[in-house]
Amino acid sequence: MLKRLDHVELIPSDFERSLDFYTTVLGGELAHRYAIDDPALAEVAYVKVGDSAVELLRAPDAQAQVQEGERIGYRLMAFEVGDILQVLAELSGHGVTPSWGPRETPAFIRAEITDPDGNAIELRQWRQRP
């Protein structure tokens, strides 16, 4: 039935800032970027990250939502990494520090960072896959 998670769509408050974050800071590859002729959406950028992607949508009239604490619905996106300590050191060079962790378990090490809009991103190094 389902094969894999293909992509996550985000509407950032600052399209260019988020595009820079997902490409320059996280090392994603800009695969597509194009304008859209739609009253609600102006542009799409498709950023490949490993074998999935983050799709950024420029929505000029989008409204921000207050998001404090845990809530029903979207919580975070998660990326597998090879060496989490090395990744965190590289991100630190871009001014990105963990918002949580790293925490170690027998099965994995994980930490969380946030994108420029505060969307949570999990980084996970597997030691033993379930």
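The rules behind these values
- Residues numbered from 1 in each chain as written.
- Predicted model: local features only at pLDDT ≥ 70, side-chain atom pairs only at ≥ 80, totals over all residues.
- Heavy atoms only, no water.
- Pairing = 2+ DSSP bridges.
- Helix = DSSP H or I, 4+ residues; strand = E, 2+ residues; numbered from the N terminus.
- Axes fitted to C-alpha atoms, helices over the stretch in contact; angles between N-to-C directions.
- Contact = heavy atoms within 4.5 Å.
- Buried < 20%, exposed > 50% of the residue type's maximum accessible area, 1.4 Å probe, protein only.
- Arc of directions from axis to C-beta.
- Polar contact = N/O pair within 3.5 Å; in protein donor to acceptor, adjacent residues only side chain to side chain.

Asker: In this structure, what is going on with the sheet that holds strand β1 (residues 7–10)? I would like to understand it.
Answerer: Within a sheet, neighbouring strands are paired by backbone hydrogen bonds and run either parallel or antiparallel to one another. Strands sit in the order β1-β4-β3-β2 across an open sheet of four strands; the sheet is mixed. Because the sheet does not close on itself, it has two edges, and the strands there are β1 and β2 (29–35). Neighbouring strand axes in the sheet, compared pairwise and without regard to direction, differ in orientation by 15 degrees on average. Taken together, the six bridges between β2 and strand β3 (residues 43–49) define a ladder with antiparallel strand orientation. Pairing of Y34 across the sheet is with V44, part of β3. Its contacts with the sheet put helix α1 (residues 15–25) on β1, β2, β3 and β4 (52–58), and the angle it makes with β4 is roughly 170 degrees.

Asker: How do you make sense of helix α2 (residues 84–92) when you look at a structure like this?
Answerer: Note on helix geometry: an α-helix contains 3.6 residues per turn, so any two residues three or four positions apart are oriented the same way. Among the residues of α2, those classed as buried are I84, L88 and L91. Buried residues of α2, viewed axially, fall in a sector of 60 degrees; they line one side. Exposed residues pointing more than 90 degrees away from the buried face of α2 are listed as L85 and A89. As for α2, its buried residues are in contact with α1, β6 (100–104), β7 (108–114) and β8 (120–126). Two to three positions downstream of the cap, the backbone nitrogen of L85 sits 3.1 Å from a side-chain oxygen, assigning the N-cap of α2 to D83.

Geometric values such as these leave the question of function open.
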